[in-house]
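Below, each chain spelled out in residue letters.
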Amino acid sequence: LANTHSFAGDSETSLAMIYRSLHATPPEEHLRLGQLFWLAGVQAYRMGFDRYAMSLSKQAVDEAVLAENYGLVAFNISSLAMIGVSHGEYTAAEQYLTQARAARDRVESPGERAILDLTLNLLCSQVRLGMGRLDDAEQCLDRNLGFLTQQSKAAPDVFAQTLLQLAQLHSIRGQFELARQQLRQATEVVEEDDEYLATAALRAPFENQRRNLYEVAISFEYDHNGIDTAWSYA
């Protein structure tokens, strides 16, 4: 229920459900606690309670460490890094990224490592963009593209987010035509495989990302003499 309300954007109800779950979870169930504290941190962050979000996310990391689930450790540490990015604290975010990668290296499953790499590469790009290290940011995104383009059915949300960040990078460099191409490709990616959204759990957050993508594309085209294209996106 907490996840369902989270996907629907109802953070207050989700948080209430999370705390009920925390009270019902035995203290030795570290894996479940790590998942719950992570979700609580997400809701607190969405509601603007950044200090609490950071504390909850750190607790999520601690529980994942006690569970010896290094995939969850890496994932939860990446949440701490994202909070740092949102506040412009790129040095701290870089440190968290290093810790997340170290945890990722302890994951035994190649498939799980590959999935973590996609998330960490996106995070790497955001950190490096914030630090003005554009070439490094591009290398992080290129690693994602190298993997995603080899998949017969790449996850469209991760693929589109990678292209969106590439567009941002090209725009910063003043390479507006390249940025336009990446945005156009990103919109094609999110529209071409609706089977990925067969479950409501995936559809709600994906639709939010899709709206965000189109808002970025509309704004870009409007600012760069692409009024007709901006209208088609709208």
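The following refers to the structure shown. (Residues numbered from 1 in each chain as written. Predicted model: local features only at pLDDT ≥ 70, side-chain atom pairs only at ≥ 80, totals over all residues. Heavy atoms only, no water.)

1. Here's the deal with the overall build of the protein chain
Helix and strand counts for the protein chain come out as 12 helices and 0 strands. Element order for the protein chain, N to C, with α for helix and β for strand: α-α-α-α-α-α-α-α-α-α-α-α. C-alpha atoms of the protein chain, sized along the principal axes, occupy 60 × 35 × 35 Å. Going through the 234 residues of the protein chain one by one, you find that 43% of them count as buried. At a minimum sequence separation of 6, the contacts of the protein chain that also span at least 24 residues come to 54%. With an accessible surface of roughly 12600 Å², the protein chain has 51% of that area assigned to carbon and sulfur atoms. With 19 positive and 31 negative side-chain charges, the protein chain shows a separation of 3 Å between the mean positions of the two kinds. (Helix = DSSP H or I, 4+ residues; strand = E, 2+ residues; numbered from the N terminus. Buried < 20%, exposed > 50% of the residue type's maximum accessible area, 1.4 Å probe, protein only. Contact = heavy atoms within 4.5 Å. Areas by Shrake-Rupley, 256 points an atom, 1.4 Å probe, with all protein chains shown as cover. Lys, Arg positive; Asp, Glu negative; His and termini not counted. Charge placed at Lys NZ, Arg CZ, Asp CG, Glu CD.)

2. Thoughts on the packing of aromatic side chains
Counted according to the given criterion, the structure contains 3 aromatic pairs. Here the aromatic rings of F176 and F220 are separated by 6.5 Å at their centres, their planes lie at 50 degrees, and the arrangement is tilted. Placement of F176 in helix α10 (residues 176-192) and of F220 in helix α11 (residues 200-223) is noted, with a sequence separation of 44 residues between them. A relative accessible area of 34% means that F176 is categorised as partly exposed. (Phe/Tyr/Trp six-rings, centres within 6.5 Å; stacked < 30°, edge-to-face > 60°.)

3. Details of helix α7 (residues 110-130)
Across its 21 residues, α7 extends 30 Å between first and last C-alpha, which sits within 8% of the 30 Å expected from 1.5 Å per residue. Inspection of α7 places A114, L116, L118, L120, N121, L122, L123, C124, S125, V127, R128 and L129 among the buried residues, and these make up the whole buried set. Buried residues belonging to α7 abut α5 (70-86), α6 (90-104), α8 (134-148) and α9 (156-172). Just downstream of α7, G132 is the residue with a positive phi angle, here 80 degrees. (Expected span 1.5 Å × (residues − 1).)

4. Structural notes on the packing of α8 against α9
Put simply, α8 and α9 touch, their axes get as near as 10 Å, and they point 150 degrees apart. Relative to α9, α8 is oriented roughly antiparallel. Crossing handedness for the pair α8 and α9: left-handed. Residue-level inspection shows L134, A137, E138, L141, N144, L145 and L148 of α8 in contact with α9, the latter providing V158, F159, T162, L163, Q165, L166, L169, H170 and I172. (Axes fitted to C-alpha atoms, helices over the stretch in contact; angles between N-to-C directions. Parallel < 35°, antiparallel > 145°, perpendicular 65-115°, else oblique. Left-handed = near helix turned anticlockwise from the far one by under 90°.)

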